Amino acid sequence: MELTLDSPLDMHLHLRDGDMLKLTAPLSSDFAGAVIMPNLVPPVTTPDMMLAYAERIRAALDGAAFTPYMSLFFTALDEKALQAAISTPGFFGFKLYPAGITTNSEGGVSNLAEAERTLKLMEEMGIPLLVHGESHGFVMDREQEFLSVYRHLATAYPKLRISMEHITTAAAVELLDEFPNLCATVTLQHLLITLDDVAGGMLQPHLFCKPIAKRPADREALLQAALNGHPRLMFGSDSAPHPRCKKEACGCAAGVFTAPVALPKLAELFTTHGAADKLQGFISGNACRLYGLKPASKQVTLCDTPMQVPARYRSYGQEVVPMYAGQTLPWSIKN
Ligand code: NCD
Ligand code: ZN
């Protein structure tokens, strides 16, 4: 059995920088492009930083046809600064992090009131807003508690394109249905695992991420929305590599490294549920329609020949462990 996808896109990807970028970028190059997250140290806050980062990404890709859709780390900006962002080649949108909520987000927003004027301008100028939607509450309730903020944003800025990044709850799927100006990304792991897989037995550091995986009913709601071809739900891997020593540590960094297995696992998931016809929209069509993207044409064929996932990826002095490390997956990318 084979499945061919046109211009697959990863709408939420961490490629990191330096030697880690050299390792990770080629592992996403079966995608036609990806929205690149700005949470470097220091975060990517200016057009110049963004241009330089895009250039480093291109160099790491070594000629592979892959479009980095660059995001800037949201800070309160005036119209001139927003205009400068829009006119910078490769710019996609702003990523808003509540301060301190996840990896390298200390410079994020601590008081939403201070962001409102910028959000109004973004609405007028047609700039997408991507949001890490978690409160600082109890870890299992953080996304649910943030839904009132999404509700406020969707109501106060009806023309602002707001993406709820990496949603993990049934409640977020319900909210998506309520507001046409909301869209959402969902990761591979949140379609597949629950908190039980992370912490129900021996603790699995390589499955630990923010937002944390939730309950079976949440996973089911996310999966059904994806398999039923929800028109405003997109694939965003949130593939978030950390050095092995930072994951297998006392104090484990948050992030699951899924880039090398994302396409084979999605092919398996959608075909086993009889929804192969819905994968194209999820992996590319919805994003292209919602954001007016026109990625360079790139076809990727998946086949039901097994893939042996390496125990770890090692190069440039870096070492990272992927999801399903050492396992055999039923689908692979046809070369
Ligand atoms: C991400 C990272 O490591 O940059 N971690 C994660 O657990 N998802 C940040 C993020 O997207 O929250
Ligand atoms: Zn992320």
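Residues numbered from 1 in each chain as written. Chains lettered and ligands numbered in written order. Predicted model: local features only at pLDDT ≥ 70, side-chain atom pairs only at ≥ 80, totals over all residues. Heavy atoms only, no water.

(A) Structural context of the coordination of the zinc ion (ligand 2). Within the protein, the zinc ion (ligand 2) binds to H12 (NE2), H14 (NE2) and D238 (OD); these donor distances fall in the range 2.0 Å. The site at the zinc ion (ligand 2) holds four donor atoms, and with the angles between them running 90 to 137 degrees, its shape is irregular. (Donors = N, O, S within 2.8 Å, 3.2 Å for Na, K, Ca; no water. Tetrahedral: all angles 85-135°; square planar, octahedral: opposite > 155°, others 65-115°.)

(B) The arrangement of the site of ligand 1 in detail. The immediate surroundings of ligand 1 are formed by 15 residues, with R16, N39, T102, K210 and D238 found nearest. The side chain of H14 places a nitrogen or oxygen atom 3.2 Å from an oxygen atom of ligand 1. H242 is positioned such that a nitrogen or oxygen atom in its side chain is 2.9 Å from an oxygen atom of ligand 1. In isolation ligand 1 offers 310 Å² of accessible surface; the protein chains occlude 100% of this area. The pocket occupied by ligand 1, as judged from atoms lying within 2 Å of grid points, is the largest cavity. Of the residues contributing to the shell around ligand 1, the split by class is three nonpolar, nine polar and three charged. (Near = heavy atom within 4 Å. Polar contact = N/O pair within 3.5 Å; in protein donor to acceptor, adjacent residues only side chain to side chain. Areas by Shrake-Rupley, 256 points an atom, 1.4 Å probe, with all protein chains shown as cover. 1 Å grid on protein atoms, 1.4 Å probe; cavity = no way out; pocket = protein on both sides within 12 Å on 5 of 7 lines; lining within 4 Å. Sits in = over half its atoms within 2 Å of the grid points. Nonpolar A, V, L, I, M, F, W, Y, C, P; charged D, E, K, R; others polar.)

(C) Here's a closer look at empty space enclosed by the protein. Scanning all chains against the criterion turns up two cavities of 30 Å³ or more. Approximately 120 Å³ is the volume found for the largest cavity. Lining the largest cavity are 16 residues, and of these H14, T102, T103, K210 and D238 sit closest to its centre. Here the residues of the lining of the largest cavity are counted per class, giving four nonpolar, eight polar and four charged. Of the volumes computed, that of the second largest cavity is approximately 30 Å³. Taken together, H206, A240, P241, H242, K247, G255, V256, F257, V320 and V321 form the lining of the second largest cavity. Grouping the amino acids of the lining of the second largest cavity by side-chain chemistry returns six nonpolar, three polar and one charged. (Points joined across faces, edges and corners; volume = space filled by probe spheres on them.)

(D) Structural view of the nonpolar core. Counting 94 residues, the largest nonpolar core has M164 and F282 as the members making the most contacts within it. F282 has contacts with V186, L191, A226, L233, M234, F235, L266 and F270, leaving out every residue within four places of it along the chain. Listed in part, the 16 residues of the second largest apolar core include F73, L130, M234 and L293. (Core = buried A, V, L, I, M, F, W, Y, C linked by side-chain atoms within 4.5 Å. Buried < 20%, exposed > 50% of the residue type's maximum accessible area, 1.4 Å probe, protein only. Contact = heavy atoms within 4.5 Å.)

(E) Highlighting the sheet that holds strand β10 (residues 299-303). The strand order across the open sheet formed by three strands is β1-β10-β15, and the pairing between neighbours is antiparallel. In the strand order of this sheet, the two ends are held by β1 (2-6) and β15 (332-333), each with one partner. Taken together, the five bridges between β1 and β10 define a ladder with antiparallel strand orientation. When the sheet's bridge partners are listed, L5 is paired in β10 with V300. Strand contacts of helix α11 (residues 262-272): β1, β10 and β15, with the helix running at about 65 degrees to β10, the strand carrying the most contacts. (Pairing = 2+ DSSP bridges. Helix = DSSP H or I, 4+ residues; strand = E, 2+ residues; numbered from the N terminus. Axes fitted to C-alpha atoms, helices over the stretch in contact; angles between N-to-C directions.)

(F) Representation of the side chain of S135 in the model. Inspection of the secondary structure puts S135 in the loop between β6 (129-131) and α5 (142-156). A polar atom in the side chain of S135 sits 3.0 Å from the backbone nitrogen of G137. Once you skip the residues sitting within four places of it in the chain, S135 turns out to touch I101, D141, R142, E145 and F146.

(G) Representation of the sheet that holds strand β9 (residues 233-235) in the model. The eight strands are arranged β2-β3-β4-β5-β6-β7-β8-β9 in an open sheet whose pairing can be described as parallel. Each edge of the open sheet carries a strand with a single partner, namely β2 (9-13) and β9. Geometrically, the sheet is characterised by an average inter-axis angle of 25 degrees between neighbouring strands, direction not taken into account. The pairing of strand β3 (residues 33-36) with strand β4 (residues 67-73) spans four bridges and is parallel. Note that in β4 the partner of I36 across the bridge is M70. Packing of helix α6 (residues 170-178) onto the sheet brings it into contact with β7 (162-164), β8 (182-186) and β9, and relative to β8 it is tilted by some 150 degrees.

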